[in-house]
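Reading the structure
The lines below spell out each chain.
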Amino acid sequence: MATETLPIHRPVNRNRERIFFSGMAILLCVVVFIGFSPTYFRAGLLRAPLPSPILHFHGAVFTLWMVLFVVQSALISARRVAWHRFLGTIAFCLPPVMIILGVIAAMDALGRKVMIGTLSPAVSLAIPLIGIVAFTIVIFAAWRARRKPDAHKRLILLATIGLAEAAFGRFPWSRMGLPVAAGAVTGLGILILFVIAYDLVSLHRIHRSTAWAAPLTFACGALAVPIGMTPAWQSFADFLARNIAPHL
């Protein structure tokens, strides 16, 4: 009689897991600090001479998310699970605000005709807006998986990695001979590969949450510029520039 062969799952080394996720939280904070240091962190934070008042709210809320991300990782490393859950209830009030502010900031940039590298304002708009779509999907999945720690922590990490693309976009890629958008996608891809590599080393497989959220996050970053160059997106951006951006 044939017997069914069940998959063998390797036990997770929890110490190694805590080191990885805490290390990724710190690495992401370093990436964000480097990227936004000249225009925000070293420019005085709330006193920074930003071109629009909405960017102060945007910067403050996204900075608070990064701080909470590190604190939450530290609480898990310290085995303060009850505190982590309590703070997590508060932290999950931020994503809806971040999504709204992200859209408003993108519209504000369009209205000011901001260009990312040599990309037109319409194409540049695709990068944050499509990134916000990815963040919304992954962070909602993370909220739904809040009682499944292995899935939850990967989804939170991948959602935050997606946010880091904006910081990568402010790295001096031109000195390395790369266009800004290509450099940002390169940085995004490297961070995502870290998550995939960790899964392969620790689990000998890719976790099911990583299996869908990692490609989604990377695809939204990598395909934003090609999508932004399509006639359909150009028409969409033109509509927003004429009817939405002037009123923000």
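Residues numbered from 1 in each chain as written. Predicted model: local features only at pLDDT ≥ 70, side-chain atom pairs only at ≥ 80, totals over all residues. Heavy atoms only, no water.

**Things to note about the pattern of salt bridges**
- This structure, assessed with the given rule, holds four salt bridges.
- The shortest N-O distance in the salt bridge between glutamate 17 and lysine 153 comes to 3.1 Å. Of this pair, glutamate 17 sits in helix α1 (residues 14–41) while lysine 153 sits in helix α6 (residues 149–168), and the two are 136 residues apart along the sequence.
- By relative accessible area, which is 4% here, glutamate 17 ends up buried. (Salt bridge = Lys/Arg side-chain N within 4 Å of Asp/Glu carboxyl O. Helix = DSSP H or I, 4+ residues; strand = E, 2+ residues; numbered from the N terminus. Buried < 20%, exposed > 50% of the residue type's maximum accessible area, 1.4 Å probe, protein only.)

**Quick notes on a nonpolar patch on the surface**
- There is a patch of nonpolar side chains on the surface, built from Ile26, Val30, Phe33 and Ile34 and spanning about 360 Å² of accessible area.
- Positionally, valine 30 belongs in helix α1. (Patch = residues over 30% accessible without salt bridge, like charges linked within 9 Å, V, L, I, M, F, W, Y side chains within 5 Å. Areas by Shrake-Rupley, 256 points an atom, 1.4 Å probe, with all protein chains shown as cover.)

**Describing the nonpolar core**
- By size, the foremost hydrophobic cluster in this structure holds 48 residues, and its most contacted members are Leu28, Leu157, Leu158, Ile161 and Phe168.
- Among the elements of the structure, α1, α2 (53–77), α3 (81–91), α4 (94–111), α5 (121–144), α6, α7 (180–203) and α8 (208–222) are those that each provide at least two residues to this core.
- If one sorts the elements of this core by residue count, α6 sits on top with ten residues.
- When sequence neighbours within four positions are dropped, the list of residues in contact with leucine 158 reads Val138, Ile192, Val195, Thr210, Ala213, Ala214 and Thr217.
- By size, the runner-up hydrophobic cluster in this structure holds 20 residues, among which are Val123, Leu125, Cys220 and Ala237. (Core = buried A, V, L, I, M, F, W, Y, C linked by side-chain atoms within 4.5 Å. Contact = heavy atoms within 4.5 Å.)

**Remarks on α8**
- The end-to-end C-alpha distance of α8 is 22 Å, a good match for the 21 Å that 15 residues give at a rise of 1.5 Å each.
- Listed in full, the buried residues belonging to α8 are Ser209, Thr210, Ala213, Ala214, Thr217, Cys220 and Gly221. Summarising the axial view, the buried residues of α8 lie within an arc of 140°, below the 170-degree limit, and thus occupy one face.
- Where α8 is buried, its residues meet α5, α6, α7 and α9 (224–228). (Expected span 1.5 Å × (residues − 1). Arc of directions from axis to C-beta.)

**Concerning the side chain of threonine 210**
- The residue threonine 210 is located in helix α8 in this model.
- Polar contacts involving the side chain of threonine 210 include one to the side chain of aspartate 199, which spans 2.7 Å.
- Not counting the four nearest positions on each side in its chain, threonine 210 is found in contact with Arg154, Leu158, Val195, Ile196, Asp199 and Pro215. (Polar contact = N/O pair within 3.5 Å; in protein donor to acceptor, adjacent residues only side chain to side chain.)

**Description of the confidence of the model for the protein**
- Across the protein, the average pLDDT comes to 90, with 96% of residues at 70 or higher.
- Confidence scores differ between elements of the protein, with α3 showing the lowest mean pLDDT of 84 and α8 the highest of 97. (pLDDT = per-residue confidence, 0-100.)

**Considerations on α6**
- Compared with the 28 Å implied by 1.5 Å per residue over 20 residues, the 28 Å span of α6 between its first and last C-alpha is a close match.
- Among the 20 residues of α6, 15 are classified as buried, and the element is accordingly described as predominantly covered.

**Comments concerning the environment of histidine 152**
- Residue position: histidine 152 is located in helix α6.
- Here histidine 152 falls in the buried class, since its relative accessible area comes to 13%.
- Along the backbone, histidine 152 and isoleucine 227 are 75 residues apart, and their C-alpha atoms lie at a distance of 30 Å.
- Beyond its immediate sequence surroundings of up to four residues, histidine 152 is in contact with Phe92, Ala142, Ala145 and Arg146.

**Some remarks on the packing of aromatic side chains**
- In total, this model carries ten aromatic pairs according to the counting rule given.
- Summarising the aromatic geometry, the rings of phenylalanine 20 and tyrosine 198 are spaced 4.2 Å apart at their centres and angled 5° between planes, so their arrangement reads as stacked. Placement of phenylalanine 20 in helix α1 and of tyrosine 198 in helix α7 is noted, with a sequence separation of 178 residues between them. The residues phenylalanine 20 and tyrosine 198 share a single accessibility class, namely buried.
- Centroid distance phenylalanine 21 to tyrosine 198: 5.7 Å. Interplanar angle 80°. Geometry classified as edge-to-face. Remark: tyrosine 198 occurs in helix α7 and phenylalanine 21 occurs in helix α1; sequence separation between them is 177 residues.
- Through successive ring pairs, a cluster of aromatic residues spans Phe20, Phe21 and Tyr198.
- In this arrangement the basic side chain of arginine 146 is found over the ring face of tryptophan 143, its NZ or CZ atom lying 4.2 Å from the centre. (Phe/Tyr/Trp six-rings, centres within 6.5 Å; stacked < 30°, edge-to-face > 60°. Lys NZ or Arg CZ within 6 Å of the ring centre and 35° of its normal.)

**A look at unusual backbone geometry**
- Its identity is not glycine, yet lysine 113 carries a phi of approximately 60°, on the positive side.
- Tracing the backbone shows lysine 113 in the loop between α4 and α5.
- Under the relative-accessibility criterion, lysine 113 is labelled exposed at 61%.
- For histidine 204, which is not glycine, the phi torsion reads 65° and is therefore positive.
- Topologically, histidine 204 is positioned in the loop between α7 and α8.

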